[in-house]
Amino acid sequence: MTDALTTWGGWEPAVRDDPFGHFAAARARCPVQKVRLADGHPAWVVLGYDAARQALHDARISKDMLAALQDNGDVVAEGLPGPEFSRHMLNVDPPDHTRLRRLVSRAFVPPRIAALEPAIRSIASNLLDELDAAGPGATVDLIEGYAYPLPFQVIGELLGIPAADRPRLHAWFQVLLTGWAGDPPPEAVEASDGIVAYLRELVEAKRRRPAGDLVSVLVAAEDDALTTQELLSSLFQLVVAGHDTTASLIGNGVVALLDHPDQLAALLADPRQLPAAIDELTRFTAPVPHATFRVTAEPVTLDGVVIPAHEQVLVCLGSANRDPDRFRSPDVLDISRSDGQNLGFGHGIHYCLGAPLARLEARVAFEALLGRHPSLQLAADRDALTWAHGDGLVLRGLVSLPVVLRPSRRQIVLGPSRPTG
């Protein structure tokens, strides 16, 4: 039996900032429910871990957004920049997905990711230097000055975006990834147009003068294995997925550790726990509360509930990762947790290709920040923090994070983690 909710998303600030109680109450009623999204579109929300894992892996649940729009133009809002930029690996099924993922995966092979670590460390150090320049006891915004620019600069390195162009592109994405209700505001349309024009210019520049970056690799595959639409769509998706979610993981994670000083102390005492801590912070803080668009290609049964064909399916990762049937004490942050893999990076053929890079960026970000400032403190009331960055469904991030970087008398060295045992 299903429990139809009036709306899902577009929540009031109290639920938006801390949605996990809302998720738990809905999950307890029924782990698979029919809802209406804040944009007015009907959908099914999947809340339980087992049902979510099946939905993420079930080939009968399609990710082909363009096909879904052609079949039923009302199944999902097109969003910005629109369908022309929606032909990337997150929005297609095999065999196109297999082909696109194989091409893009060239940028994410372990040696290439490992080779980025010195650059990531340099970026983190420089950003912290800039924050430290505010002086002892000064309040700084850890989102604006650290969590957001760090992964954006890294994805700029990966894609070969010239350093001089990154601030302009960064500003456009900040506008575009700010949530809004109803039709997109003029500034979002303007930012979208600017991003589209820039990516087209970047592709043309790499055609004229290729280098060793990912854009050049993808341009070389154009016409043969990659259409221009797929190329531009993939670049847009890589910029969004390559920085915004990692920025939210860093910001959300800092707050979670400050909320749980025992876990912060345990991490400072044993830095080798950092890789496991990052996975636990991903589970606990839900930087990606819901997986991206899916639609049933035929009727699918999830946890005893039949979802008809051609219906949008929204997999709530933030709920699944706190399912008490899967995780012990799921609402407790435990950096030593060992009860299995969470779904924070997805599951199945669409498992996040950039997960190794995101983990590396987060590890370096926390090592650099906590190594230099192990005694940092919030510079605002905890209840004043707002998670209004993004749409609240696929993206969940802080608008700002005011802190005082109170340097301790000694610095703690949080270097690359060594295996235990």
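Refer to the preceding data block for the structure.
So, a few notes on the structure that sits alongside this text.

Rules behind the numbers
Residue positions within a chain follow its written sequence, with the count starting from 1. Totals for whole chains, interfaces and linings use all residues, but because this is a predicted model, local features are given only for residues with pLDDT of at least 70 and pairs of side-chain atoms are given and counted only at 80 or more. Side-chain measures were taken over the full set of non-hydrogen atoms in the model, leaving aside hydrogen atoms and water. The pocket and cavity definitions rest on a 1 Å grid over protein atoms only: a 1.4 Å probe that fits but cannot leave marks a cavity, an open set with protein on both sides within 12 Å along at least five of seven lines marks a pocket, and residues lining either have an atom within 4 Å of a point. Grid points are joined across faces, edges and corners, and a volume is the space filled by probe spheres set on the points. Helix numbers and strand numbers start at the N terminus; a helix is a DSSP run of H or I with at least 4 residues, a strand a run of E with at least 2. All amino acids are sorted into three groups, where Ala, Val, Leu, Ile, Met, Phe, Trp, Tyr, Cys and Pro are nonpolar, Asp, Glu, Lys and Arg are charged, and the leftover types, Gly among them, are polar. In this text, buried Ala, Val, Leu, Ile, Met, Phe, Trp, Tyr and Cys residues form a nonpolar core when linked through side-chain atoms within 4.5 Å. Note on exposure labels: buried denotes an accessible area under 20% of the residue type's maximum, exposed denotes more than 50%, and partly exposed covers the range between, all computed with a 1.4 Å probe on protein chains only. Any two residues whose heavy atoms approach within 4.5 Å are treated as being in contact. Pairing between two strands requires that DSSP report at least two bridges joining them. We call two N or O atoms a polar contact when they sit within 3.5 Å, provided that within protein one can donate a hydrogen and the other can accept it, with sequence-adjacent residues counted only if both atoms are side-chain atoms. Classification of ring pairs rests on two measures: the distance between centres of Phe, Tyr or Trp rings, Trp counted by its six-membered ring, which must be within 6.5 Å, and the angle between planes, read as stacked under 30 degrees, edge-to-face over 60 and tilted in between. Between N-to-C directions, angles cover 0 to 180 degrees, with each direction set by a line fitted to C-alpha atoms, over the stretch in contact for helices.

### So, the layout of surface pockets
Of the pockets and cavities examined, the second largest pocket occupies roughly 310 Å³. Along the walls of the second largest pocket sit 17 residues, with D17, D18, D259, R382 and R396 positioned nearest its centre. At the level of elements, α13 (228-259) and α15 (274-285) are the ones that each hand at least two residues to the lining of the second largest pocket. Residue contributions to the lining of the second largest pocket peak at four residues, all from α13. Residues that form the lining of the second largest pocket fall into these classes: six nonpolar, three polar and eight charged.

### Looking at the nonpolar core
If you look at the biggest cluster of nonpolar residues, it comprises 88 residues, and the most contacted ones within it are L142, Y146 and F173. Residues in contact with L142, not counting those within four places in the same chain, are L131, A147, V254, L369, L376, L401, V403 and L405. Among the nonpolar cores identified, the runner-up in size contains 21 residues, and V32, I61, I307 and A320 belong to it.

### Structural notes on the pairing of strand β1 (residues 32-36)
Sheet topology note: the β1/strand β2 (residues 42-46) ladder contains five bridges and is antiparallel. From the neighbouring strand, V35 faces β2, where its bridge partner is A43. The antiparallel hairpin formed by β1 and β2 contains five residues in its connecting segment, where G40 sits at a positive phi of about 95°.

### A short note on the side chain of R372
Considering the arrangement of structural elements, one finds R372 in helix α17 (residues 355-372). Looking at R372, its side chain comes within polar contact range of the side chain of S125, at 3.4 Å.

### Describing unusual backbone geometry
At the junction of P94 and P95, the peptide bond is cis and its omega measures out at 5° in the coordinates. You can see P95 is positioned in the loop between α4 (65-71) and α5 (96-104). Notably, D303 is not glycine yet its phi reads approximately 50°, a positive angle. Relative to the helices and strands, D303 resides in the loop between β6 (300-302) and β7 (305-307).

### Describing the packing of aromatic side chains
All chains considered together, the criterion is met by eight aromatic pairs. Measuring from centroid to centroid gives 5.3 Å for W8 and W11, while their planes differ by 85°, and the two rings are edge-to-face. Per residue, the accessibility class of W8 equals that of W11, and both read buried. Between Y49 and F327, the ring centres sit 5.6 Å apart and the planes meet at 85°, which makes this aromatic pair edge-to-face. Of the two residues, Y49 is situated in helix α3 (residues 49-57) and F327 in the loop between α16 (317-320) and α17; the sequence distance between them amounts to 278 residues. Taken as a pair, Y49 and F327 share a single burial class, namely buried.

### Here's the deal with the sheet that holds β1
Here we have three strands laid out as an open sheet, ordered β1-β2-β8, and mixed in their pairing. Single-partner strands in this sheet number two, and they are β1 and β8 (313-315). Pairs of neighbouring strands in the sheet enclose a mean axial angle of 30°, with direction left out of account. Alignment of β2 against β8, held across three bridges, turns out to be parallel. The residue of β8 that forms the bridge with V45 is L314.

### Concerning the sheet that holds strand β9 (residues 377-378)
Two strands in a sheet stick together by hydrogen bonds in their backbones, pointing the same way (parallel) or opposite ways (antiparallel). With antiparallel pairing, three strands are arranged side by side in an open sheet as β4-β10-β9. Unpaired on one side and paired on the other, β4 (139-141) and β9 mark the two borders of the sheet. Pairing of β4 with strand β10 (residues 402-404) involves three bridges; the strand directions are antiparallel. By the bridge assignment for β10, V140 is matched with V403.

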